[in-house]
Amino acid sequence: MTTLAQSQAPKLRPWKLVLGGIVMAMLAVLAWGLTRDPSYIPSQLVGRSVPAFALPELNGNGTVAADDLRGTPLVINFWASWCVSCRAEHGLLTGFGREVASRDDVRIVGINYRDAPAAAARFQDELGTFSYRSGQDPSGRTGIDFGVYGLPETFFIDRDGIVMARHVGPLTEAALKHNLSLIGVTR
Amino acid sequence: MTASLVKIGLSAATTAFALSLFAILAAALAARGSRPAFLVGARNALIVNFALVTLAAFTVMWSFVVTDFSVLYVAENANSRLPLLYRLTALWGAHEGSLLLWLWYLCLFSAIAVMIHWRSHPLSMPWIIATLAAVQAGFIGFIVFLSSPFREIFPAPPDGRDLNPLLQDPGLAFHPPLLYMGYVAFSVPFAFAVAALIRGHAGAEWVRAVRRWTLFAWAALTSGIMLGGYWAYYELGWGGYWAWDPVENASFLPWLTGTAFLHSIMAQDRRNMFHTWNVFLIVTTFALSLLGTFLVRSGVLTSVHSFAVDPGRGTYMLAFLAVVMVAGYGLVVWRAERLTAATQLESAWSREAMLLVNNLFLLAAAAVVLLGTLYPLIVEAVSGDRVTVGAPYFNKVAIPMLVAVVFLMGIGPVVPWRSIKARRLRDLLRWPALAALVALAVALLAGVREAIGLAAIGAVAFTLSATLLDFRRSVAAHRAVARGGWLSSTWRVMRNARQRYGGMIVHLGILVIAFGMLASGLFQQTVIVSLKPGESIALGPYHVTFRGVESVDGPNYRARAGRFDVSRDGVPVMEMRPEKRSYQERQMVTTEAAIASSLMGDLYLVLGDEAAHGAATVRGYWNPLILWLWVGWLVVLVGAAVAGSARLSAARTPAAAAVAQEQPA
């Protein structure tokens, strides 16, 4: 009986160490993955041309179209009145918009994503009006072309119309500065 | 009125959380002191939990039905104009609800498992209940404290944000429930394995009990994956069905290890071997199911909903995964010496050896897919670079292993248990080998030059002929004794060995799927051209002539429809009309591809932009034999049902019981 008990006692074997090592390594990688800032999501779009769009302007006059915006570094911000995180970046964006209005080496447009014009107007009345134009994307079709998962998302496009960066979540001063540097704009 | 409804849901879920904690404690006490009253209490807690979680899920679903936007989850995922069907399926349209569905399945399967195995597994029951209750507690705690679909907002918004438009499709609406059904059903075999490990008695009994659960989980997972592919092919319009996306990989991983487990438990059942291996496989399969949920829902990898990630949620899910993995693998490591197999491999040419090799290939495929999926994370952790691992990697490393598995599918079932004489094996495999050579020659003549494509064609031909010959031999042997007709003999053979022939039918289904994949992958034709009216293109066996674009009004949309006359060998066969629709109410433009499906192949036309003088850009695909993928899926389901209907033969039970008794309890 003793021999049987001995033969059943747990022993340290190489396969156990390997198994334990793999399990621990995997958990460590996943834990590290959690600490990453999920804002820096590699996008399929980065390195490619900006998707074409031609959207009616939110205020009702004219069109916001990709073709008209070529030739200058461009920032595209997807926003909506129902998006809570958009409120966090609103002040930064309106301030940046005023700044952009006085320079000619960078432009910014908004895309009002799956929203109603009236609600979007109320949103701006409450928090401050954007000093730049926004296109309406009520069906989210343009958002799908851009691969938008959740708002807010901001895309940075260089003068050749190539998407250089995508920022997911509310913009911060540092993130804006960093991403602008990728499209050759200093702030 | 309805606002109080989700409050009821939250109370029900909170009660269920308390009951699951009670069930863990009571079951553990019952195991220690063998007090049956505690065990009955724990069992009843799991059954009540099913009722409570059903109520909780119902309150959320009802809030969708009445579009109660005071419920945050409803406001974020529905809209007053959303059709009822999608309001119902919106329950699993986002994070919180998906987890609620997960939990609901878990409670359903737990309740069923404790009821049907209550009498047959009295000694393992405390640990089975404790394990299931612990998994329940982990999920309910998450839902109640961190990811509540019961949260309300005040004031309620006038209208909701609407369901993600990508999810507004019947194919995708039913893809998650099937996938989750598969994921979660593996929790029952996992609980049995944990019980077997704790008791240090992983004999044949737990294998018997989990066989049907595993088959069911496997069939559900297979269906979930296939439905995802079907949707991708018919709705996304890029002519493919699988993109090696992290989310797709997450569902493929437990499928691979679950398939390995489904095979290796046969060796334990028949030959009383591979004990440690089997518990390792089921722990791995369940851990990968959780990992799939974790990857999709935490934003660790580039995937959906990353911005909404609350760091607390990701940490909780990782901690939960860590507990399951450390406890599961820890038990395997700790108890391995008690599970030493009673028999050893007798020959390299035996069913059990073939099963082992099949397992190694499936596991290796799972390992490389897992590595490819996590590789971007690893690289970023080490060097800070961001990389993406694309389809070329997976095609290069995973496909050869899967081809090897297909090849083994031809040898394994014809090789008997214990051993076979080399000469006999040669006789058995002579014709399949010849069939493979013929198929290779035909493929070379047809212009296939890719090594892996040729290998796959050879493997499919080999295994198909081996499988059919095996059917034929069994039926012929039966006829020699019983003198029935071919049909009645086939029927009897199949009925008498449903486990075996169910499995063989599944193999045939897999071969049909592989056939469809090969043909559509190797011989797909794609054209993107600008056509003027009257011009035509050749696609597959068809001649497609563009006739122009016209306006069409539908009930709730306006469309531009392209008219194409399709002829074959100069004979007109049909007219195809791909459309671009703009829905007025939803202000949404959709592309309606025109697909003419037949068993020979699909002709797939998409209308692009219009240009001057009535010209238009046209994308056309000829996907040969792609319909066979879905046909194969149905065959797989039939086979799984046949195998699941089998009772393990009574003749084997006494012997197995005797072996089980020899092992110290």
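**Q** Help me understand unusual backbone geometry in this model?
**A** Trans is the common state for peptide bonds, and a negative phi is the common state for residues other than glycine. Residue and element names in this part refer to chain B. Despite not being glycine, Thr67 has its phi angle at roughly 40 degrees, a positive value. Note that Thr67 resides in the loop between α2 (36–65) and α3 (72–77). Its identity as a non-glycine residue notwithstanding, Leu625 has a phi of 60 degrees, on the positive side. Mapped onto the secondary structure, Leu625 falls in the loop between β10 (616–624) and α20 (627–644).

**Q** Would you explain the packing of α2(B) against helix α5 (residues 95–117) of chain B in this entry?
**A** A pair of packed helices is captured by two measures, namely the crossing angle of their axes and the spacing between those axes. Residue and element names in this part refer to chain B. At a closest axis distance of 9 Å, the pairing of α2 and α5 adopts a crossing angle of 150 degrees. As the angle between them shows, α2 and α5 are arranged roughly antiparallel. Read as a crossing pair, α2 and α5 show a hand that is left-handed. Between α2 and α5, the contacting residues are Arg43, Leu46, Ile47, Asn49, Phe50, Val53, Thr54, Ala57 and Val60 on the first element and Gly97, Leu100, Leu103, Trp104, Cys107, Leu108, Ser110, Ala111 and Val114 on the second. Looking at side-chain class alone, the contact of α2 with α5 contains 13 nonpolar, four polar and one charged residues.

**Q** I'm lost on the nonpolar core in this one. Help?
**A** Nonpolar side chains in soluble globular proteins generally cluster together in the buried interior. By size, the foremost hydrophobic cluster in this structure holds 186 residues, and its most contacted members are Ala27(B), Ala42(B), Leu103(B), Ile129(B), Ala133(B) and Val460(B). It is helix α10 (residues 204–236) of chain B that provides the largest number of residues to this core, a total of 15 residues. Not counting residues within four places of it along the chain, the set of residues in contact with Ala42(B) comprises Ala23(B), Ala26(B), Ala27(B), Ala30(B), Ile129(B) and Ala133(B). If you look at the next biggest cluster of nonpolar residues, it comprises 35 residues, including Leu93(A), Val106(A), Tyr113(A) and Phe146(A).

**Q** Looking at this structure, how should I read the environment of Ser350(B)?
**A** Residues and elements named next belong to chain B. Within the secondary structure layout, Ser350 lies in the loop between α13 (311–335) and α14 (351–383). A residue is classified by how many C-beta atoms lie within 10 Å of it, and Ser350, with 20 of them, is buried. For Ser350 and Gly412, which are 62 residues apart along the polypeptide, the C-alpha to C-alpha distance reads 8.0 Å. When neighbours within four sequence positions are excluded, Ser350 is seen to be in contact with Leu345, Val415, Trp417, Arg418, Ser419 and Ile420.

**Q** Looking at this model, I keep getting lost on the confidence of the model for chain A. Mind explaining?
**A** Predicted coordinates in areas of low pLDDT are best not read in detail. All names here are of chain A. Per-residue confidence for chain A gives a mean pLDDT of 80; residues scoring 70 or more make up 88%. By mean pLDDT, helix α1 (residues 2–8) is the weakest element of chain A at 51, and strand β3 (residues 74–79) is the strongest at 92. Considering only residues more than four positions removed or in separate chains, one finds that residues 1–6, a stretch of pLDDT under 50, has one contact.

**Q** When you look at the pairing of strand β6 (residues 153–157) of chain A in this model, what are you seeing that I'm missing?
**A** Working note: regular strand, side chains alternate between the two faces of the sheet. Residues and elements named next belong to chain A. With five of five residues buried, β6 is to be regarded as a mostly interior element. Burial along β6 is two-sided: Glu153, Phe155 and Ile157 facing one way and Thr154 and Phe156 facing the other are all buried. Bridge count for β3 against β6 is five bridges, and the pairing is antiparallel. Residue Leu74 lies in a different strand from β6, and its bridge partner there is Ile157. As paired elements, β6 and strand β7 (residues 163–168) share five bridges and run antiparallel to each other. Bridge pairing in β7 places Ile157 opposite Val163. Linking β6 to β7, which pair antiparallel, is a turn of five residues; within it Gly161 sits at a positive phi near 85 degrees.

**Q** Can you help me understand the environment of Leu374(B) in this one?
**A** In this fold, Leu374(B) is placed in helix α14. In this structure the C-alpha to C-alpha distance between Leu374(B) and Gly228(B), which are 146 residues apart in sequence, comes to 22 Å.

**Q** Would you take a moment to explain the confidence of the model for chain B for this structure?
**A** In this model, chain B carries a mean pLDDT of 85, and residues with pLDDT of at least 70 account for 89%. Across the interfaces of the predicted complex, the ipTM metric reaches 0.73, alongside a pTM of 0.80.

**Q** Which parts of the structure should I look at to understand the sheet that holds β10(B)?
**A** Strand pairing within a sheet occurs via backbone hydrogen bonds; the two strands may be parallel or antiparallel. All names here are of chain B. As summarised here, the arrangement of the four strands in space is β1-β10-β9-β8, forming an open sheet in which the pairing is antiparallel. Each edge of the sheet is formed by a strand with only one pairing partner; in this case those strands are β1 (525–531) and β8 (594–598). Mean inter-strand twist for the sheet, computed between neighbouring axes without regard to direction, equals 10 degrees. Summarising the sheet, β1 and β10 pair through seven bridges and their orientation is antiparallel. Directly across from Leu531, in β10, lies its bridge partner Ala616.

The rules we used
Residues numbered from 1 in each chain as written. Chains lettered and ligands numbered in written order. Predicted model: local features only at pLDDT ≥ 70, side-chain atom pairs only at ≥ 80, totals over all residues. Helix = DSSP H or I, 4+ residues; strand = E, 2+ residues; numbered from the N terminus. Axes fitted to C-alpha atoms, helices over the stretch in contact; angles between N-to-C directions. Parallel < 35°, antiparallel > 145°, perpendicular 65-115°, else oblique. Left-handed = near helix turned anticlockwise from the far one by under 90°. Contact = placed C-beta atoms within 7 Å. Nonpolar A, V, L, I, M, F, W, Y, C, P; charged D, E, K, R; others polar. Core = buried A, V, L, I, M, F, W, Y, C linked by C-beta atoms within 7 Å. Buried ≥ 20, exposed ≤ 12 C-beta atoms within 10 Å, placed from the backbone. pLDDT = per-residue confidence, 0-100. Pairing = 2+ DSSP bridges.

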